[in-house]
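What follows is the residue order along each chain.
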Amino acid sequence: MYWTLRLALLFLCFLLVGSCCVDPVDQTAYFCLGEMSLKEEVELGDAYAPNIDAMFDGVYHDPAAADYLGQLILEMAGHSVRAEDFAWKFTILNSSTPNAFAVPGGYIYITRGLLAALETEGQFISVMGHELGHVEHRHSHQAMGRNLIGGILVGLIGTAESAVTRNREPGLASSIGAAGAQLFLLRYDRGQELQSDKRGVYYAAAMGYDPAEATKTFAYFQRLEEESGGVQIEWLRTHPLNENRITDIHAEIAEKHPELAGRPQGSFRPYRQGNDSFAQIIQTLGRAEPTYEKYDAAWTALGKALEDGKKGPLEQALASFEECAAAIPDEPLFHTAIGACHLALESFAEARFEQGDYRRAAAEFELASDLFPMSPAPLYYYGLSCEKLGRSEEAVRAYRKVVELDQEGSLGAKARERLRSLGAARGR
Ligand SMILES: [Zn+2]
């Protein structure tokens, strides 16, 4: 045991000696597991960005909003100490969950849900400036180093314990792996939140906005937390709120921008309150919001219907998705959801068929086929169900249609075979 412990301590010392990184904003040193080069930082972001799009329901399609807000973000990045480091990229994610974040490499995100909840352009700038602050400070890299120390200590204890108990513990290696996976899901600490809040104040003031707008966002999240009934709000999980943050922001403004104290609202950008491009973006989002709320509710209902194996609620969810698609036809999420319902209905019907409940299977395949008339599969199985029920004329009609839809495919070939065996092979 003595030998193992000594080896582990030597390893820890090796880590500590070779590992000091510098915060790009204030040039202070922090513990890290090796310096991360700019190239590595960019590669990390490039590798992670596609996953983020997928995790948050893809990109929200509103070219006017993306363009206007993207310009603001570029202007903001121009004020960054790391302005030249990255090709800054701004994305509105299609998730209804209110959230904003930035990842290494200059990728900056806000969700449709949070954007719709903002009231002013200045508020948008302070939220995004805060997120940019995390990237400028390399907070995820710093937190990773911090977690690694924790992980290594846990690993050491594990090593010592296993030496005593002769158990093989996963210890060190697994701690490092877990820390790596947590890179973007870290909870920032109080000090980091304060540092980023200060960056939010800096950007808002540099761009002509009222930096105190930031406090409106805190009030919003506080309200959300109170209303949530204990459900964890994603943004609050990574950005812990405490009442000090509001006082700290006012203190920062008083210290760094005393000239802003008592300035009238109209003297801050965007100057024409309530009639600017930002207000129009929010109004458009606000009009779409009931449709997205319906979509979110139907998606929850669909999940439950599949879990319970109930077809009625599934059909209700499908009806809701169709209403959403009728309201906003170019939203791909709604069409994907309709497709998911179609697949689910088909699998319900397949289960009926396998159970030998051909009457219900026929009805369900017929419904699935009505929804997706160009898809040969439900029609083919509708034909099989009809055959089982002795309804050969309907089966023949279905198979002929399948042959038309799937001339070269395997279902087309199968349908022709069924037609032959039913003695109805004429005409293809
Ligand atoms: Zn934060």
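Rules behind the numbers
Residues numbered from 1 in each chain as written. Predicted model: local features only at pLDDT ≥ 70, side-chain atom pairs only at ≥ 80, totals over all residues. Heavy atoms only, no water. Helix = DSSP H or I, 4+ residues; strand = E, 2+ residues; numbered from the N terminus. Buried < 20%, exposed > 50% of the residue type's maximum accessible area, 1.4 Å probe, protein only. Contact = heavy atoms within 4.5 Å. Areas by Shrake-Rupley, 256 points an atom, 1.4 Å probe, with all protein chains shown as cover. Salt bridge = Lys/Arg side-chain N within 4 Å of Asp/Glu carboxyl O. Core = buried A, V, L, I, M, F, W, Y, C linked by side-chain atoms within 4.5 Å. Domains from an automatic or database assignment. Pairing = 2+ DSSP bridges. Axes fitted to C-alpha atoms, helices over the stretch in contact; angles between N-to-C directions. Parallel < 35°, antiparallel > 145°, perpendicular 65-115°, else oblique. Left-handed = near helix turned anticlockwise from the far one by under 90°. Nonpolar A, V, L, I, M, F, W, Y, C, P; charged D, E, K, R; others polar. Phe/Tyr/Trp six-rings, centres within 6.5 Å; stacked < 30°, edge-to-face > 60°.

Trainee: I keep staring at the overall build of the protein and nothing clicks. Help me out?
Mentor: Per the secondary structure count, the protein includes 18 helices and five strands. The buried share of the protein, reckoned over its 428 residues, is 46%. Counted over contacts in the protein with a minimum sequence separation of 6, partners at least 24 positions apart contribute 66%. Of the accessible surface of the protein, which amounts to about 21500 Å², a share of 55% is contributed by carbon and sulfur atoms.

Trainee: Explain the pattern of salt bridges here, please?
Mentor: Going through the model one piece at a time under the given rule, you end up with 19 salt bridges. The closest approach of N and O atoms between R269 and E75, which form a salt bridge, is 2.8 Å. Here R269 is found in the loop between α11 (244-256) and α12 (277-308), whereas its partner E75 is found in helix α3 (residues 63-78), with 194 residues between them in sequence. With relative accessibility at 18%, the residue R269 sits in the buried group. A relative accessible area of 32% places E75 in the partly exposed class. Two residues, K304 and D308, come together in a salt bridge whose shortest N-O distance is 2.8 Å.

Trainee: Looking at this model, I keep getting lost on the nonpolar core. Mind explaining?
Mentor: The nonpolar side chains of a soluble globular protein tend to be buried, and buried together. Formed by 65 residues in total, the largest nonpolar core has its most connected members in L69, F90, I110, L115, F124, M128 and F321. Broken down by element, this core gets its largest block of residues, ten residues, from α12. Inspection of this core shows a minimum of three residues originating in each of domain 1 (1-273) and domain 2 (289-421). Those residues in contact with L69 that sit more than four places away from it in its chain are F90, I92, L115, F124, F278 and I281. Counting 21 residues, the second largest nonpolar core, distinct from the first, contains A361, V396, L411 and A415.

Trainee: What should I look at first to understand the side chain of H137 in this one?
Mentor: Summarising the element assignment, H137 is placed in the loop between α5 (121-136) and α6 (139-165). Contact partners of H137, with chain neighbours within four places excluded, come to D23, P24, V25, D26, Q142, Q195 and R199.

Trainee: Before we go on, may I ask you to explain the sheet that holds strand β3 (residues 89-93) in this structure?
Mentor: In a beta sheet, neighbouring strands pair by backbone hydrogen bonds and run either parallel or antiparallel. The mixed open sheet is built from three strands, whose spatial order is β3-β5-β4. Across the chains shown, the open sheet's two edge strands, defined by having one partner strand only, are β3 and β4 (100-103). Sheet twist, expressed as the average angle between the axes of neighbouring strands with direction ignored, equals 20 degrees. By the bridge criterion, four bridges tie β4 to strand β5 (residues 107-111) in an arrangement that is antiparallel. Opposite A100, over in β5, you have I110 as the bridge partner. Against the sheet, helix α2 (residues 38-55) touches β3, β4 and β5, its axis set at about 15 degrees to β5.

Trainee: Hey, could you run me through the packing of α12 against helix α14 (residues 332-355) in this one?
Mentor: Between two packed helices, what matters for the description is the angle formed by their axes and the separation of those axes. Running from amino to carboxyl end, α12 crosses α14 at an angle of 20 degrees, the nearest separation of the two axes being 11 Å. As judged from the angle between their axes, α12 and α14 are roughly parallel. Classified by chirality, the crossing of α14 by α12 is left-handed. The residues of α14 that touch α12, namely those facing T291, Y292, Y295, W299, L302, A305 and L306, are L333, F334, A337, A340, C341, A344 and F348. Looking at the contact of α12 with α14 residue by residue, the class counts come to 13 nonpolar, one polar and no charged.

Trainee: In this structure, what is going on with the packing of aromatic side chains? I would like to understand it.
Mentor: Think of a pair of aromatic rings as described by two things: how far the centres are apart, and how the planes are tilted against each other in angle. Within this structure, the stated rule accounts for 17 aromatic pairs. Judged by centre distance (5.1 Å) and plane angle (45 degrees), the rings of F56 and F101 are tilted. Here the residue F56 occupies a position in the loop between α2 and α3, and F101 occupies one in strand β4, the gap between them amounting to 45 residues. Residue class for F101 comes out buried when judged on its relative accessible area of 14%. Taking the centre distance of 5.0 Å and the plane angle of 65 degrees together, the rings of Y202 and Y203 count as edge-to-face.

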